[in-house]
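Below are the chains, spelled out letter by letter.
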Amino acid sequence: MNDVARAAGLSHQTVSRVLNDHPNVRPETRDRVLEAIARLGYRRNSAARALVTRRSGTLGVVTTGSYLFGPSRTLVGIEEAAREAGYFLSVATLRSVDAESMHEVLEHFMDQAVEGVVVIAPHADVVEAVRTFGEGLPVVVVAAIPDPPETVTTVSVDQELGARLVVRHLAGLGHREVVHLAGPADWLDARARVVGWAAESAALGLHVGEPIEGDWTAERGYVVGQDLVRDGVPTAVFAANDQLALGLLRAFHEAGLVVPRDVSVVGFDDVPGASNFIPPLTTVRQGFAYLGARIIATLLASLDGRPADDSTSPPDLVLRSSTARPRG
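This is a predicted model, so every value here is computed, not measured. (Residues numbered from 1 in each chain as written. Predicted model: local features only at pLDDT ≥ 70, side-chain atom pairs only at ≥ 80, totals over all residues. Heavy atoms only, no water.)

1. A look at the overall build of the chain
Selection rule: A run of H or I in DSSP becomes a helix once it reaches four residues, and a run of E becomes a strand once it reaches two; helices and strands are each numbered from the N terminus. Contacts were defined at the residue level, with two residues in contact if any of their heavy atoms lie within 4.5 Å. Per-residue and other accessible areas follow the Shrake-Rupley method at a 1.4 Å probe size, with only the shown protein chains counted as cover for residues. In summary, the charge assignment counts Lys and Arg as positive and Asp and Glu as negative, without counting His or the chain termini. Here the site of a charge means atom NZ of a Lys, CZ of an Arg, CG of an Asp or CD of a Glu.
When helices and strands are counted, the chain shows 12 helices and 11 strands. Counted over contacts in the chain with a minimum sequence separation of 6, partners at least 24 positions apart contribute 70%. Surface exposure of the chain reaches about 16000 Å², of which carbon and sulfur atoms provide 51%. Here the chain contributes 30 positively and 40 negatively charged side chains, and the mean placements of these two sets differ by 9 Å.

Listed below in structure tokens is the structure:
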């Protein structure tokens with residue numbers, strides 16, 4: 001930094017103000033510093049800066065290593081928001097979802113002097129393991145969990161509202177029953193979508209049967225679609241994610257059914273390519289970029305000693321041509 005100051009003909013303090021985006025710096029002064037930085041190839045020494053400030057500029061993220069769209073896109077959103085805020089991420093994957101593994105990850109983060117931790121927690125077991133955190137670090141859990149510990153703040157997309165929006169839309173088209181192909185029962189998001197589907201169906205006077213047990217795969221959607229063809233196709237099916245919906249579409253197509261003329265299909269997530277399914281899929285979009293920004297903003301508020309409340313963000317229902325009024 002001293003070299004930059006000499007090259008720009010300015011003080012060390014002025015260069016520091018430019019590097020830290022201080023508002024009281026004249027544009028021409030900022031340009032002189034940036035030109036000197038470019039000419040000298042200057043890079044900050046993050047390790048040295050951490051020794052001086054006692055802040056590592058690093059945040060820890062705990063994941064389960066899931067390749068599925070929701071968790072992986074959440075991680076991308078967190079990384080983008082953290083980088084924008086000037087932080088690096090250290091990502092650790094749980095070997096197994098239990099308190100012992102969570103403690104191992106926490107020790108790993110403590111060795112790296114992370115300033116705070118984000119836990120992407122789609123599984124119920126992850127939430128229970130989080131309750132064992134006791135190191136005084138700010139922790140944000142990406143899930144809507146009941147009675148979180150005092151040291152934990154939660155940030156999530158309102159999964160229950162997303163399911164309610166689906167049922168509301170289909171009921172508005174005239175469907176009297178919305179069959180639900182659910183996600184895995186040990187996933188918090190899947191549970192919330194079942195709750196929203198059942199509650200909204202009951203509130204609107206629709207028939208509420210048992211949800212069909214599923215996972216997150218197109219293969220399971222295909223098998224369920226074949227079962228529905230054999231046992232009697234309903235007028236509308238709400239799949240817990242877009243991959244399940246894709247399997248349903250294939251099964252219905254092979255049976256000679258036309259979506260949405262014979263059966264309406266709705267998914268959840270709005271994965272890349274959902275608009276190119278045949279037909280283009282009506283689905284729920286979660287807004288992962290906004291979610292990542294909210295997660296990092298909440299964590300940084302905790303680091304700065306400001307109030308950090310639990311929060312949820314609303315999803316959007318994306319209407320395409322896989323839904324219509326029931327036939328007849």
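Now that the structure has been shown, the text picks up again.
2. Some words on the pattern of salt bridges
Counted only if it meets this: One side-chain nitrogen of Lys or Arg within 4 Å of one carboxyl oxygen of Asp or Glu is enough to make a salt bridge. Accessible area is worked out with a 1.4 Å probe on protein chains only. A residue is then buried under 20% of its type maximum, exposed over 50%, and partly exposed in between.
Evaluation of the coordinates by the stated rule reveals 16 salt bridges. The closest approach of N and O atoms between Arg-6 and Asp-3, which form a salt bridge, is 2.2 Å. Taken together, the residues span about one helical turn, with Arg-6 and Asp-3 both in helix 1 (residues 2–8) at a distance of three residues. By relative accessible area, which is 48% here, Asp-3 ends up partly exposed. Across the pair Arg-306 and Asp-304 runs a salt bridge, and its minimum N-O distance is 3.2 Å. For Arg-306, a relative accessible area of 45% corresponds to the partly exposed category. Salt bridges here are not isolated pairs; linked through shared partners, they connect Glu-160, Arg-164, Arg-168 and Glu-200.

These figures capture arrangement, not role.
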